[in-house]
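Geometric and topological summary
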Amino acid sequence: MKVLQQAWAYLTDGSHWSGTEGMGALLGQQLLITVTALALALLVGLPVALWLGHLGRGGFAAINISNIGRAIPTFALLALLVTADWPGTAEFGPYGRAGLATLLALTAFALPPIITNAYVAVDEVADDVKESARGMGMTAFQLFRRVELPLALPLVASGIRVALVQVWATATIAALVAGPGLGRVITDGFANTDYGKGIAGAMVVAAVALVLELVAAAVQAAVSQQPDTRGRLATGHRR
Amino acid sequence: MQFRRLLATGLAAGALLLTAACAGDDLNSNPSDGSSSPTAKGSLTISGQDWYEAAIVANMYKELLTASGYDVSMTLVGTRDIYMAKGQFPSGVDVVPEYVGGLIDFLNAQANGSEVEPISSADAAATIAAGQSLLDAKGITLLDPSTATDTNAFFVSKEYAAANGLANLSDLAGKDVVLAAAPDCKGRSDCEGGLKDTYGINITKLLPLGFASEQTYQSVLDGESQLGETQTTDGTVDAQGAVLLADDKGIQPAGNLVPAVSTEFLAAHPDVADTLNALMAALTTEKLAELNAKVSVDRAKPEDVAHAFLVEAGLV
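The structure displayed is predicted, hence computed values, not measured ones. Residue positions are given per chain, counted from 1 along the sequence in the order it is written. Whichever chain is written first is A, and whichever ligand is written first is 1; the rest continue in order. It should be noted that, the model being predicted, local features are given only for residues of pLDDT at least 70 and side-chain atom pairs only at 80 or more, the latter also being counted only at that level, while totals for whole chains, interfaces and linings use all residues. Hydrogens are left out, water is left out, and the side-chain values use all remaining heavy atoms of the structure.

**Regarding the overall build of chain B**
In DSSP terms, a helix is any run of H or I states spanning at least four residues, a strand is any run of E spanning at least two, and both are numbered starting from the N terminus. Within chain B, the regular secondary structure consists of twelve helices and ten strands. Per-residue accessibility, obtained with a 1.4 Å probe over protein chains only, is compared with the maximum for each type, and a residue is labelled buried under 20%, exposed over 50%, and partly exposed between these values. Relative to its 316 residues, chain B shows a buried fraction of 46%. In this analysis, two residues are considered to be in contact whenever any of their non-hydrogen atoms come within 4.5 Å of each other. Sequence-distant contacts, at least 24 apart, represent 78% of the contacts inside chain B between residues at least 6 apart. All accessible-area figures derive from a Shrake-Rupley calculation using a 1.4 Å probe, and residue coverage is judged against the displayed protein chains alone. Total accessible area on chain B is roughly 14,600 Å²; 55% of this is exposed by carbon and sulfur atoms.

**Some thoughts on the packing of aromatic side chains**
Two rings from Phe, Tyr or Trp (for Trp, the six-membered ring) form a pair when their centres sit within 6.5 Å of each other. Planes less than 30 degrees apart are called stacked, planes more than 60 degrees apart edge-to-face, and all others tilted. Evaluation of the coordinates by the stated rule reveals seven aromatic pairs over all chains. Residues Phe190(A) and Tyr195(A) carry aromatic rings whose centres are separated by 5.6 Å and whose planes lie at 45° to one another, so their mutual orientation is tilted. Members of the aromatic cluster, connected to one another through ring pairs, are Trp51(B), Tyr52(B) and Tyr99(B).

**Notes on the interface of chain B and chain A**
Counting from both sides, the interface comprises eleven residues of chain B and, opposite them, twelve residues of chain A. Once two parts are put together, the accessible area they lose, assessed with a 1.4 Å probe and summed over both, is termed the buried area. Between chain B and chain A lies a buried interface of about 940 Å² when both sides are counted; carbon and sulfur atoms form 41% of it. By the criterion of area lost to chain A, the three top residues of chain B are Pro208(B), Gln215(B) and Gln218(B), representing 42% of everything that side buries. Note on definitions: salt bridges are taken to be side-chain nitrogens of Lys or Arg within 4 Å of carboxyl oxygens of Asp or Glu. The interface formed by chain B and chain A includes two salt bridges. Residue Arg97(A) pairs with Glu224(B) through a salt bridge whose shortest N-O separation is 2.5 Å. Whenever a nitrogen or oxygen atom comes within 3.5 Å of another N or O atom, the pair is scored as a polar contact, on the condition that within protein one atom can donate a hydrogen and the other can accept it, and that pairs from neighbouring residues in sequence are kept only if both atoms are in side chains. Connecting chain B to chain A are four residue pairs in polar contact (both at pLDDT 80 or more). Of all the secondary-structure elements, those providing two or more residues to the side of chain B that touches chain A are β7 (202-208) and α8 (214-221) of chain B.

**Remarks on the side chain of Thr230(B)**
All names here are of chain B. Residue position: Thr 230 is located in strand β8 (residues 227-231). On the accessibility criterion, Thr 230 (0% relative accessible area) is buried. A polar side-chain atom of Thr 230 sits 2.7 Å from a polar atom in the side chain of Asp 234. With near-sequence residues (within four places) excluded, Thr 230 lies in contact with Thr 151, Asn 152, Ala 153, Phe 155, Phe 211, Ala 212, Tyr 217, Val 237 and Leu 244.

**Observations concerning the state of the cysteines**
Structurally, a disulfide amounts to a covalent bond that connects the sulfur atoms of two cysteines. All names here are of chain B. In this description, a disulfide is simply a cysteine sulfur pair whose atoms lie within 2.5 Å. On inspection of all chains with the given rule, the structure shows one disulfide over all chains. At a sulfur-sulfur separation of 2.1 Å, the disulfide partner of Cys 185 is Cys 191. On the sign convention where negative means left-handed, the S-S torsion of about -95° between Cys 185 and Cys 191 marks this disulfide as left-handed. We classify Cys 185 as buried; its relative accessible area is 1%.

**Points about the domain arrangement of chain B**
All names here are of chain B. Splitting chain B by domain gives domain 1 (2-149 + 253-312) and domain 2 (152-245). Every contact between the two is made by twelve residues of domain 1 and, on the other side, seven residues of domain 2. Area buried by domain 1 at its contact with domain 2 is led by Thr 149, Pro 253 and Ala 289, which between them contribute 38% of it. Applying the counting rule to domain 1 against domain 2 returns zero salt bridges. Connecting domain 1 to domain 2 are three residue pairs in polar contact (both at pLDDT 80 or more). For the side of domain 1 that touches domain 2, the secondary structure elements donating two or more residues are α2 (52-67) and α11 (285-296). Looking at which element gives the most residues to the side of domain 1 that touches domain 2, the answer is α11, with six residues. Throughout, the ten residues Ala, Val, Leu, Ile, Met, Phe, Trp, Tyr, Cys and Pro are labelled nonpolar, Asp, Glu, Lys and Arg are labelled charged, and all others, Gly among them, are labelled polar. Residues of the side of domain 1 that touches domain 2, tallied by class, amount to seven nonpolar, four polar and one charged. What counts as a domain boundary in this text is fixed by an automatic or database domain assignment.

**Comments concerning the pattern of salt bridges**
In total, this model carries 14 salt bridges over all chains according to the counting rule given. Glu91(A) is paired through a salt bridge with Lys205(B); the nearest N and O atoms lie 3.3 Å apart. Remark: Lys205(B) occurs in strand β7 and Glu91(A) occurs in the loop between α4 (74-83) and α5 (99-123); the pair is interchain, linking two chains. Notably, a salt bridge pairs Glu312(B) with Lys287(B), separated by 2.9 Å at the nearest N-O pair. Of this pair, Glu312(B) sits in helix α12 (residues 302-312) while Lys287(B) sits in helix α11; the two residues are 25 residues apart in sequence, bridging distant segments of the chain. Glu312(B) sits in the exposed class, given a relative accessible area of 55%. Residue classification places Lys287(B) among the buried residues on the basis of a relative accessible area of 14%. Residues participating in the shared-partner salt-bridge network are Asp184(B), Arg188(B) and Asp190(B).

Next comes the structure, spelled out in structure tokens:
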């Protein structure tokens, strides 16, 4: 495959990685935007979802409202945001052209898995466990903090992990509004019939997605090991 | 199980697509209503590109040739590669509405590889002369090129033009300019490369926002960029508050409209030349821009716009 050879040649040429428009800088930019969008989504989505899960109410509404972020194509939302007066296409600090619009669009995209998982995780903590906790005299906050949250953590983490990888790969659409990130390598490559370059960009995005997935999986495995609660609950509470 | 289900879905979708494609073929190969075909001169196939300007011109061809007695079938496609493929033009397709520079450079790239230097120039006659051997080898005859020409063009906002006294691209020489253009603009002699090297404009940044796109206009009108890329036949420039700068140093290859006809078909049907040459003589760049706006802005149908023009020009 000639194209793959061209892609390899593109990847192994150091000059393509250096400089302000090189892949190194673009990769950093895309990581920054991914992490920021994820952090924003966590800030907005996690407290609401966890609390509603604790109450066991309002989850249907929260999940469906957040699912709008999935139903509207992220590119459509981005296109809409850049045409509006605010946030528009203005440079936004290290996020580059249309940075704010890109962040908002990606945040909306990150919300559904975070909210859905967090709500379900807390809501599905077994009733008898909660009852026992209350029987021991725990307050609502203690119940949430010491019982529900630890039990919910693995599922919450898996939602965040899904969101992280999705946002990373989707962040390439910023290139369609001349925004930040590695999408530029892909669009430039295909626009100039330099397919090797386009494929090279896609390969870097895919490789980083795998790395992020592995790192996130390791983190998830770490937080899922909660010997004090899980160990005890594992016996005698089979349903 | 999973795989089988996928396969079944794929097959079903494929079958649907096939059905749709066949239906489309039937529609396309149906001769037009046939209300007025006085003398049957035989069948004639037109192909061409399907974007609005090419579609308007192709519909003019279709109506004129139908009126002169041909049984015309027309299929418009996305890119030149499709109708220039083996078995299409000039063997399966007889007539294609073309652009001088675009066609010659395409044939050149096809014959000598995509890395080859373009042989087109700003002059239509010179470009045709340079490409004559390629045309002969392929069996294509070009009729008379029109004065109507569609090439890349560059616009600035009216305020920026007034503030800096701009009318030609050469007025921008030495200035720092941000350019909003198609993503393939970088380095091209008819785009960023030519603006830099021939005009001496200092392009500080190239925003790949698209050819004549909403985003390109927005960027120029907002003042984020100063120069935007569009085409000479863009009928919306003035209404959007922008103005075209003249290509006074001629970096654009000749984009004159020209009918490309299969040499063999033309030998058997020489009257096609008179019909289409009359149309080429009637078209101008300004007229084409006006017609384009009717389709791209007012959402009129290409065939209606084509018909209205032919009536107005007295060609039918």
